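One-letter residues, chain by chain:
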Amino acid sequence: MSTDCLFCAIVAGRVPSTKVLETDRAYAFRDINPWAPTHVLVVPKDHYEDLAALAAADPTYLGEVFGAAAQVAEQENLTGGHRIIANTGDDSGRTVFHLHVHVLGGKNLGALAG
Ligand code: AMP
Ligand code: ZN
């Protein structure tokens, strides 16, 4: 756990969030600034900076995070489909340095823009 990490603080309950789903090692909550009718963030409860860090440290754990993301899509009834994004590195414009998987849906999301 990282003391100055926003998503560690959310997992610990020190910063409020709207919980969507929780498993042993993953926590899902609503994005505060949604890009789509459904916009949920799924994070590992332990601090890993990004997808590559968790893939290197514990691929099974990474699988649990993606499994939780799939569960979120089902629970949120995203029957028309959904998009999963894990921004990594400077070019992605990411703002929070604790691995998080965006689960987006509830409308036609269109093509990924270049
Ligand atoms: P990224 O650009 O991939 O780093 O995404 C970070 C996401 O975290 C953004 O979509 C923000 O809207 C979201 N976010 C920032 N602070 C909070 C918060 N306190 N609760 C929920 N979502 C947040
Ligand atoms: Zn963290």
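S.K.: Now, about the overall build of the protein: what can you tell me, with residues and values included?
M.R.: Secondary structure summary: the protein contains three helices and five strands in total. Going from the N terminus to the C terminus, the protein shows its helices and strands as α-β-β-β-α-α-β-β. Scaling as 2.2 N^0.38, a compact globule of 114 residues should have a C-alpha radius of gyration of about 13 Å, and the protein matches this with 14 Å. Within the protein, the proportion of its 114 residues that are buried is 37%. Long-range contacts, defined as pairs at least 24 residues apart, comprise 54% of the intrachain contacts of the protein with a sequence gap of at least 6. With 8 positive and 13 negative side-chain charges, the protein shows a spacing of 6 Å between the two charge centroids.

S.K.: Quick rundown of the side chain of His98? Include the residues and the values.
M.R.: Examined against the element boundaries, His98 turns out to sit in the loop between strand S4 (82–85) and strand S5 (101–105). A residue is classified by how much of its surface remains accessible, and His98, at 0% relative accessible area, is buried. Of note is the side chain of His98, whose polar atom sits 2.9 Å from the backbone oxygen of Pro44. There is a polar contact of 3.3 Å between the side chain of His98 and the side chain of His47.

Parameters at a glance
Residues numbered from 1 in each chain as written. Chains lettered and ligands numbered in written order. Predicted model: local features only at pLDDT ≥ 70, side-chain atom pairs only at ≥ 80, totals over all residues. Heavy atoms only, no water. Helix = DSSP H or I, 4+ residues; strand = E, 2+ residues; numbered from the N terminus. Rg over C-alpha atoms; globule rule 2.2 N^0.38 Å. Buried < 20%, exposed > 50% of the residue type's maximum accessible area, 1.4 Å probe, protein only. Contact = heavy atoms within 4.5 Å. Lys, Arg positive; Asp, Glu negative; His and termini not counted. Charge placed at Lys NZ, Arg CZ, Asp CG, Glu CD. Polar contact = N/O pair within 3.5 Å; in protein donor to acceptor, adjacent residues only side chain to side chain.

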